[in-house]
Amino acid sequence: KNLSLNNRPNLKTDNENLTVSGTLTVTGNDTHINTGTGTQTYEGEIKATGRGITLEGTSTITTKHNITANKIKVTGDWNSNSGTISAGTDIEAAKWTSANGVITNAGNKITVTGVWDSKGSTITAKDIEARNNWDSSGNVTANGNIKVDNGYLWKSTGGNIQLKGNLTAAQFNQTGGT
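Computed from a prediction, not measured in an experiment: that's the story for all the values here.

**Some words on the pattern of salt bridges**
Tallied over the full model, the rule gives 6 salt bridges. K64 is paired through a salt bridge with E43; the nearest N and O atoms lie 3.7 Å apart. Of the two residues, K64 is situated in the loop between β8 (60-63) and β9 (67-80) and E43 in the loop between β6 (40-42) and β7 (46-56); the sequence distance between them amounts to 21 residues. Taking relative accessible area as the criterion, E43 reaches 36% and is therefore assigned partly exposed. The shortest N-O distance in the salt bridge between D77 and K95 comes to 3.8 Å. Here the residue D77 occupies a position in strand β9, and K95 occupies one in strand β11 (residues 91-98), the gap between them amounting to 18 residues. Note on K95: relative accessible area 37%, which makes it partly exposed. When salt bridges with common partners are traced through the structure, they connect K109, E129 and R131 into a single cluster.

About the cut-offs
- All residue numbers refer to position in the chain's written sequence, counted from 1.
- pLDDT decides what is reported in this predicted model: residues at 70 or higher carry local features, side-chain atom pairs at 80 or more are listed and counted, and totals for whole chains, interfaces and linings draw on all residues regardless.
- Water and hydrogen atoms were dropped before computing side-chain values, which therefore reflect all heavy atoms in the structure.
- Salt bridges are counted wherever a side-chain nitrogen of Lys or Arg sits within 4 Å of a carboxyl oxygen of Asp or Glu.
- Helix numbers and strand numbers start at the N terminus; a helix is a DSSP run of H or I with at least 4 residues, a strand a run of E with at least 2.
- Three labels apply to residues, based on accessible area from a 1.4 Å probe with only protein chains included: buried if under 20% of the type maximum, exposed if over 50%, partly exposed otherwise in between.

And the structure:
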C-alpha cells in the first residue's frame, strides 16, 4: 500500500494506472513518475522532504492528502482534493484544480501553464504566475508579484488578495473578497 522510492530517479508504468493507497516516500534523489496515458492517484501523503518530485502523465493525476517536497512539478491534469501542499521552492503545474480548503505554500514561485481553478483553496508564494485563465475564490498571497499572462483572465469571486509587488493582468475580474 505504501510506495518508497530511495535513489530511484525514474519510475515508468508503461501507460498503466498507478494508485498508491498509503504514503509515497521519496528519499535520496529527486524522482520522476511517468504513467504515460495511465492515471495517477495518491490517497495518502506524498513525502519528498528536501527532494523534487515530478508527476507526469497525459491523464488525470489526483492527490488526496498532504504533499511535502522541495520542488513539485505536475505535467498532467492535476486534481488536488484535500490537504496541505508545501514546496520549499517551486510548484509548476500544466493544469490544476484544487478543492476548497486545500492550502498551498511555495517558498519561491507557483507557475500554472494551463487552466487553473483554485476554488476556495489558500494560495501563498513569493511569485505567482498563471499562463492561462485562473479562477479563484480563496485567499491569495504573494510576497512578490502576481502575473496573469496577456490575453487571459483572472476571475476572483471571493477571498482576500494580498501582494507586496506588482499585479500584472490583462483581464482581472474581482467580484468578491478584498
